[in-house]
Amino acid sequence: DNIRNLKLSPGGIRDIELFIHALQVIHGGKIKKLRTTSTSRAAHELKLEERFSPTDLDMLIGNYWHFRELENYVQSLNDAQTHDW
């Protein structure tokens, strides 16, 4: 079975969001700009504040948006709320 759930499979959308949100919790008490609901904005602020590897954050956010694009694509194929690729 080669089906991958873009949201829930290991390394998917939710894992990336959870990782970024964990960094927000760790550093957001002192860095107010991290207090955002935007995963991309949080990653950007983490880079500016040098709280995590910029290369790794770029890779995570690049994958995040790639998965989001794939998610929109598979949902549009059959006009269905699915996350399986």
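1. A word on the pattern of salt bridges
Across all of its chains, the model carries six salt bridges by this definition. The residue Glu71 makes a salt bridge to Arg68 at a minimum N-O spacing of 2.9 Å. Of the two residues, Glu71 and Arg68 both sit in helix 3 (residues 54–77), three residues apart, roughly one turn of that helix. Here Glu71 matches Arg68 in class, with each residue buried.

2. Focus: helix 3
In this model helix 3 runs 35 Å from its N-terminal to its C-terminal C-alpha over 24 residues, within 8% of the 34 Å that 1.5 Å per residue would give. Within the sequence span of helix 3, burial applies to Leu57, Leu60, Ile61, Tyr64, Phe67, Arg68, Leu70, Glu71, Val74 and Gln75. Where helix 3 is buried, its residues meet helix 1 (13–27) and helix 2 (39–48).

3. Points about the environment of Arg4
Relative to the helices and strands, Arg4 resides in the segment before helix 1. The partly exposed category is assigned to Arg4, whose relative accessible area is 29%. With 52 residues separating them in the primary sequence, Arg4 and Asp56 have C-alpha atoms 23 Å apart. Once residues within four sequence positions are removed from consideration, Arg4 is found in contact with Ser9, Pro10, Gly11, Gly12, Phe67, His83, Asp84 and Trp85. Here the side chain of Arg4 touches Pro10 through a polar contact of 3.1 Å, landing on its backbone oxygen.

Criteria and thresholds
- Residues numbered from 1 in each chain as written.
- Predicted model: local features only at pLDDT ≥ 70, side-chain atom pairs only at ≥ 80, totals over all residues.
- Heavy atoms only, no water.
- Salt bridge = Lys/Arg side-chain N within 4 Å of Asp/Glu carboxyl O.
- Helix = DSSP H or I, 4+ residues; strand = E, 2+ residues; numbered from the N terminus.
- Buried < 20%, exposed > 50% of the residue type's maximum accessible area, 1.4 Å probe, protein only.
- Expected span 1.5 Å × (residues − 1).
- Contact = heavy atoms within 4.5 Å.
- Polar contact = N/O pair within 3.5 Å; in protein donor to acceptor, adjacent residues only side chain to side chain.

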